[in-house]
Amino acid sequence: MHARALPQRAAPLLRPARAPDRIHRAGLGHGREDEAGAWPPLNSAYFKRMEAIGFAVKYDDGVGRGLHAADIVPVGVSRTSKTPLSIYLGYLGQRPRTSPS
């Protein structure tokens with residue numbers, strides 16, 4: 001009995017999915033294509049986001065006394081993704097402080 005030959009399909013595994021010199025920054029609010037490796041604009045919105053992300057990390061799980069300075073306080077039981085939510089909210093420019101459950 002002979003094994004039936006399967007059709008050979010080849011996929012270029014090392015080819016990049018997109019052209020390496022162009023990237024699309026979908027979901028980042030830019031709505032345009034930028035050069036790969038380009039720096040974000042260093043304006044006040046950028047520094048506000050960085051400060052908010054730092055705030056989210058610093059006051060995660062109720063560490064410290066940042067409740068009075070928080071814009072948002074996500075509340076939920078353990079293992080409900082409060083920390084990833086707070087990092088995302090920080091990226092949006094909000095200063096979240098999670099509380100321990």
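Bear in mind that the values here come from a model prediction, so they are computed numbers and not experimental data. (Residues numbered from 1 in each chain as written. Predicted model: local features only at pLDDT ≥ 70, side-chain atom pairs only at ≥ 80, totals over all residues. Heavy atoms only, no water.)

(A) Spatial organisation of the overall build of the protein. When helices and strands are counted, the protein shows two helices and two strands. Counting from the amino terminus, helix and strand elements in the protein follow one another as β-β-α-α. Expressed as a percentage of the 101 residues in the protein, the buried residues total 20%. Of the contacts formed within the protein by residues at least 6 apart in sequence, a portion of 51% connects residues at least 24 apart. When the accessible surface of the protein is split by element, carbon and sulfur atoms take 59% of a total near 8,200 Å². (Helix = DSSP H or I, 4+ residues; strand = E, 2+ residues; numbered from the N terminus. Buried < 20%, exposed > 50% of the residue type's maximum accessible area, 1.4 Å probe, protein only. Contact = heavy atoms within 4.5 Å. Areas by Shrake-Rupley, 256 points an atom, 1.4 Å probe, with all protein chains shown as cover.)

(B) Main features of the packing of aromatic side chains. Scanning the entire structure with this criterion turns up two aromatic pairs. Here Tyr-46 and Phe-47 contribute two aromatic rings whose centre-to-centre distance is 5.3 Å and whose plane-to-plane angle is 80°, an arrangement assigned as edge-to-face. Residue classification places Phe-47 among the partly exposed positions, given a relative accessible area of 47%. Ring centres of Phe-55 and Tyr-59 lie 4.6 Å apart, and the angle between their planes is 55°; this geometry places the pair in the tilted category. (Phe/Tyr/Trp six-rings, centres within 6.5 Å; stacked < 30°, edge-to-face > 60°.)

(C) Quick look at the pattern of salt bridges. What the rule picks out here adds up to two salt bridges. One salt bridge in this structure joins Arg-95 and Glu-51, with 4.0 Å as the shortest N-O distance. Of this pair, Arg-95 sits in the segment after α2 (82-91) while Glu-51 sits in helix α1 (residues 44-58), and the two are 44 residues apart along the sequence. Overall, Arg-95 belongs to the partly exposed group, its relative accessible area being 24%. Across the pair Asp-71 and Arg-95 runs a salt bridge, and its minimum N-O distance is 3.9 Å. A residue pair is termed long-range when its members are at least 10 positions apart, and Asp-71 in the loop between α1 and α2 and Arg-95 in the segment after α2 qualify at 24 residues. One salt-bridge network, held together by shared partners, links Glu-51, Asp-71 and Arg-95. (Salt bridge = Lys/Arg side-chain N within 4 Å of Asp/Glu carboxyl O.)

(D) Representation of the side chain of Asp-60. Of note, Asp-60 is situated in the loop between α1 and α2. This buried residue, Asp-60, is left without a salt bridge; Lys-82 holds the nearest opposite charge, at 7.9 Å. With near-sequence residues (within four places) excluded, Asp-60 lies in contact with Thr-83, Ser-86 and Thr-98. (Lys, Arg positive; Asp, Glu negative; His and termini not counted.)

(E) Region of interest: α1. Over its 15 residues, α1 extends 21 Å from the first C-alpha to the last, a length consistent with the 21 Å expected when each residue adds 1.5 Å. Of the positions making up α1, those classed as buried are Tyr-46, Ala-52, Phe-55 and Ala-56. In the core, the buried residues of α1 are packed alongside α2. With a side-chain oxygen lying 3.3 Å from the backbone nitrogen of Ala-45, the N-terminal cap of α1 falls on Asn-43. (Expected span 1.5 Å × (residues − 1). Polar contact = N/O pair within 3.5 Å; in protein donor to acceptor, adjacent residues only side chain to side chain.)

(F) Just the environment of Val-75, in detail. The residue Val-75 is located in the loop between α1 and α2 in this model. Take Val-75: its relative accessible area is 71%, and that puts it in the exposed class. Separated by 22 residues in the primary sequence, Val-75 and Arg-97 place their C-alpha atoms 9.3 Å from one another. Those residues within four positions of Val-75 in sequence are excluded, and the remaining contacts are Lys-82 and Ser-99.

Such coordinate-based values are descriptive only and should not be taken to indicate function.
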